[in-house]
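A closer look at the structure
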Amino acid sequence: MPHRDRYLFVCTNRREEGNPKGSCAQKGSEEIVKRLKGALLERGLAKTVRACSSGCIDLCEVGVSIVLEPDHVVYGNVTLEDVDAIADGVAKGEIVERLVVPRPAPASGAKKG
Ligand code: FES
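Please read all numbers here as calculations on a predicted model, not as lab measurements.

Right, let's talk about the overall build of the chain for a bit. For the chain, the helix and strand inventory stands at two helices and four strands. Traced from its N-terminal end to its C-terminal end, the chain shows the element sequence β-α-β-β-β-α. For the chain, whose C-alpha radius of gyration is 15 Å, the value lies close to the compact-globule estimate of 13 Å for 113 residues. In terms of principal-axis extent, the alpha carbons of the chain reach across some 45 × 40 × 30 Å. Counting over 113 residues, the chain shows a buried share of 27%. Of all intrachain contacts in the chain linking residues separated by at least 6 positions in sequence, the fraction that spans at least 24 positions is 61%.

Further remarks concern the nonpolar core. Among the nonpolar cores identified, the biggest contains 22 residues, and Leu8, Val10, Ile32, Leu36, Ile86 and Ala87 are the most heavily contacted of them. Those elements that place two or more of their residues in this core are β1 (6-11), α1 (29-42), β2 (49-54), β3 (66-69) and α2 (83-92). A per-element tally of this core places α1 first, with five residues.

An order of β2-β1-β3-β4 is seen for the four strands of this open sheet, with the pairing classed as mixed. Edge positions in the sheet fall to β2 and β4 (73-75), since each of these pairs with one other strand and no more. Averaged over neighbouring strand pairs, the angle between their axes works out to 20 degrees when direction is ignored. Relative to β4, β3 runs antiparallel, the two sharing three bridges. Looking across to β4, one finds that Val67 is bridged to Val74.

This part is about α2. Since the α-helix turns once every 3.6 residues, residues separated by three or four places project in the same direction. Buried within α2 we find Val83, Ile86, Ala87, Gly89 and Val90. Seen end-on, α2 carries its buried residues on one side only, within an arc spanning 155 degrees. In this structure, the buried residues of α2 make contact with β1, α1, β2 and β4. Backbone geometry just after α2 places Gly93 at a positive phi near 75 degrees.

A cis amide bond links Gly63 to the next residue, Val64, at an omega of 5 degrees. Counting through the fold element by element, Val64 comes out in the loop between β2 and β3. Between Glu69 and the following residue, Pro70, the backbone shows a cis peptide bond with an omega angle of 10 degrees. With respect to the helices and strands, Pro70 occurs in the loop between β3 and β4. Phi at Asp58 takes a positive value of approximately 60 degrees, unusual for a residue other than glycine. Backbone geometry places Asn77, a non-glycine residue, at a positive phi of 55 degrees.

Conventions used here
Residues numbered from 1 in each chain as written. Predicted model: local features only at pLDDT ≥ 70, side-chain atom pairs only at ≥ 80, totals over all residues. Helix = DSSP H or I, 4+ residues; strand = E, 2+ residues; numbered from the N terminus. Rg over C-alpha atoms; globule rule 2.2 N^0.38 Å. Buried ≥ 20, exposed ≤ 12 C-beta atoms within 10 Å, placed from the backbone. Contact = placed C-beta atoms within 7 Å. Core = buried A, V, L, I, M, F, W, Y, C linked by C-beta atoms within 7 Å. Pairing = 2+ DSSP bridges. Axes fitted to C-alpha atoms, helices over the stretch in contact; angles between N-to-C directions. Arc of directions from axis to C-beta.

These figures capture arrangement, not role.
Take a look at the structure:
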């Protein structure tokens, strides 16, 4: 199977009930990845874009979180209602700006690479 042009890594980590960090699975991410796969298929994108279940990507506070690669963009607080917008976005090569979790500014003194 060839490499895809884009990957959507959907966190489906599940923590035990009562864990203060919560988890994306508890917020519905398992259904989101399933629907996302279907939405990509409907748009004829199955061979170019892949939605994958992922472990915790350490953005639990904005879960359900999805990392879009190679764009290196994080979507946060994703719900089922956002699935079509995400699929349409990858179809057009566009980012769904309203879902983007901004990257923190680099720490002062950090080296530029
Ligand atoms: S549980 Fe989903 S980012 Fe941590």
